[in-house]
Amino acid sequence: MPNLKLVYFNLRGRAEIIRYLFAYMDLKYEDRRIEPADWPGIKSLLPFGKIPILEVDGVTLHQSLAIARYFAREAGLAGKSELEQCQVDAVVDTLDDFMAAFPWDEKIQDVKLRSTVQECRTSSLSKEQAFSKLLADGAPTLLRNLETYLAESEWLVGQSVTWADFYWDICSTTLLALKPTLLDNFPTLVALRGRVQTIPAIAAWISRRPETRL
Ligand code: GSH
């Protein structure tokens, strides 16, 4: 059993997909949640200056989705064939493109934002305006596309749960914290959240994890 230490802020954020996989795999790990005040000192020690990182027997891994993909393969959650794996990765990247478009940690008021996720035009908006615009204009398109992609299926890719379903649950939980009505017209996407959240290991993790807004 490798020694695992996950380092991130006290947020679900980009570490939560790794925590879901560890919960599903019943892997023991240290869930180190650092204080913002300690961040500058830690940042200077990291190979790429970003978190989450995962230490595996002293080897430092970075990039949340690369780490998650590695464990998803181990867990049998990466897709049942190479074709399905590509589809799973594509759904994860689609969700991540959208989440990454939000100016999460800009301290200044004026931020450059991709005005829609599809087009890479830039416009100068306040942070608040940027969040509103993405939720009002970008989200419905993404949600309609996901709804069509899911169609009548139980899971986003193939016949069983994959980490793309986990990532949908995690990203949509954050989006719902920003806009509680977001999924009001998307019952099949809500039902998918329910299927993920009732997987026993995931339900247990959700009930015991630290409560944070994001
Ligand atoms: N694509 C990277 C991943 O998924 O791991 C993004 C990593 C990233 O931007 N992490 C943010 C960070 O380290 C927190 S979510 N911010 C602090 C900083 O850049 O100083």
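The structure under discussion appears in the preceding block.
Note that the structure is predicted; figures quoted are calculated from it, not measured. (Residues numbered from 1 in each chain as written. Predicted model: local features only at pLDDT ≥ 70, side-chain atom pairs only at ≥ 80, totals over all residues. Heavy atoms only, no water.)

Participant: Explain the nonpolar core here, please?
Facilitator: Note on soluble globular proteins: their nonpolar side chains tend to be buried together. Grouped together as the largest cluster of nonpolar side chains are 65 residues, with contacts concentrated most on I17, L21, W163, F166 and W168. Ranked by the residues each element gives to this core, the list is headed by helix α6 (residues 163–178), at 9 residues. Inspection of this core shows a minimum of three residues originating in each of domain 1 (4–75) and domain 2 (82–198). With sequence-adjacent residues up to four places away left out, I17 is seen in contact with S64, L65, A68, W163, F166, Y167 and I170. (Core = buried A, V, L, I, M, F, W, Y, C linked by side-chain atoms within 4.5 Å. Buried < 20%, exposed > 50% of the residue type's maximum accessible area, 1.4 Å probe, protein only. Helix = DSSP H or I, 4+ residues; strand = E, 2+ residues; numbered from the N terminus. Domains from an automatic or database assignment. Contact = heavy atoms within 4.5 Å.)

Participant: How should I be thinking about the environment of G13 in this particular structure?
Facilitator: Along the chain, the position of G13 falls in the loop between β1 (4–9) and α1 (16–25). Given a relative accessible area of 31%, G13 falls into the partly exposed group. In this structure, the C-alpha to C-alpha distance between G13 and I170, residues 157 residues apart in sequence, is 8.3 Å. With residues up to four places along the chain from it excluded, the contact list for G13 reads Y8, I170 and L214.

Participant: When you look at the site of the ligand in this model, what are you seeing that I'm missing?
Facilitator: Taken together, Y8, R14, W39, K43, K50, I51, P52, Q63, S64 and D105 form the complete shell of residues around the ligand. The separation between a nitrogen atom of the ligand and a polar side-chain atom of Q63 is 2.8 Å. About the coverage of the ligand: the protein hides 76% of its 510 Å² of free accessible area. Put simply, the ligand lies in the largest pocket. (Near = heavy atom within 4 Å. Polar contact = N/O pair within 3.5 Å; in protein donor to acceptor, adjacent residues only side chain to side chain. Areas by Shrake-Rupley, 256 points an atom, 1.4 Å probe, with all protein chains shown as cover. 1 Å grid on protein atoms, 1.4 Å probe; cavity = no way out; pocket = protein on both sides within 12 Å on 5 of 7 lines; lining within 4 Å. Sits in = over half its atoms within 2 Å of the grid points.)

Participant: Mind showing me how you'd approach the packing of α1 against α6 here?
Facilitator: In a pair of packed helices, the angle between the axes and the distance between the axes together describe the arrangement. It is at 10 Å that the axes of α1 and α6 come closest, and there the two elements cross at 130°. In terms of their interaxial angle, α1 and α6 are classed as oblique. Considering only the axes of α1 and α6, their crossing is right-handed. Packed against α1, whose contacting residues are E16, I17, Y20, L21 and Y24, the element α6 presents W163, F166, Y167, D169 and I170 at the interface. (Axes fitted to C-alpha atoms, helices over the stretch in contact; angles between N-to-C directions. Parallel < 35°, antiparallel > 145°, perpendicular 65-115°, else oblique. Left-handed = near helix turned anticlockwise from the far one by under 90°.)

Participant: I'm lost on the pattern of salt bridges in this one. Help?
Facilitator: Pairing is possible between side chains that carry opposite charge, provided their charged atoms lie close to one another. Counted according to the given criterion, the structure contains 9 salt bridges. The shortest N-O distance in the salt bridge between R209 and E16 comes to 2.9 Å. Note that R209 is positioned in the segment after α8 (200–208) and E16 in helix α1, a separation of 193 residues in sequence. The class of R209 is buried, set by a relative accessible area of 18%. Beyond isolated ion pairs, a larger network of salt bridges with shared partners links E16, R19, D31, R33 and R209. (Salt bridge = Lys/Arg side-chain N within 4 Å of Asp/Glu carboxyl O.)

Participant: Please explain the pairing of strand β3 (residues 53–56) as it appears in this structure.
Facilitator: Each regular strand displays side chains that alternate between the two surfaces of the sheet. In the sheet, β1 pairs with β3 via 4 bridges, with the strands oriented antiparallel. Paired with L4 across the two strands is V56, which belongs to β3. Bridge count for β3 against strand β4 (residues 59–62) is 4 bridges, and the pairing is antiparallel. Looking at β4, one finds that I53 is bridged to H62. Hairpin geometry of β3 and β4 is characterised by an intervening segment of 2 residues between the two adjacent antiparallel strands and by a positive phi of about 45° at D57. (Pairing = 2+ DSSP bridges.)

Participant: In this structure, what is going on with empty space enclosed by the protein? I would like to understand it.
Facilitator: Unoccupied space between atoms shows up once a probe the size of one water molecule is rolled over them. Scanning all chains against the criterion turns up 1 cavity of 30 Å³ or more. A volume near 30 Å³ is recorded for the largest cavity. G76, L77, A78, G79, K80, E84, V157, G158, Q159, S160, V161 and T162 are the residues that line the largest cavity. Split by residue class, the lining of the largest cavity holds 4 nonpolar, 6 polar and 2 charged. (Points joined across faces, edges and corners; volume = space filled by probe spheres on them. Nonpolar A, V, L, I, M, F, W, Y, C, P; charged D, E, K, R; others polar.)

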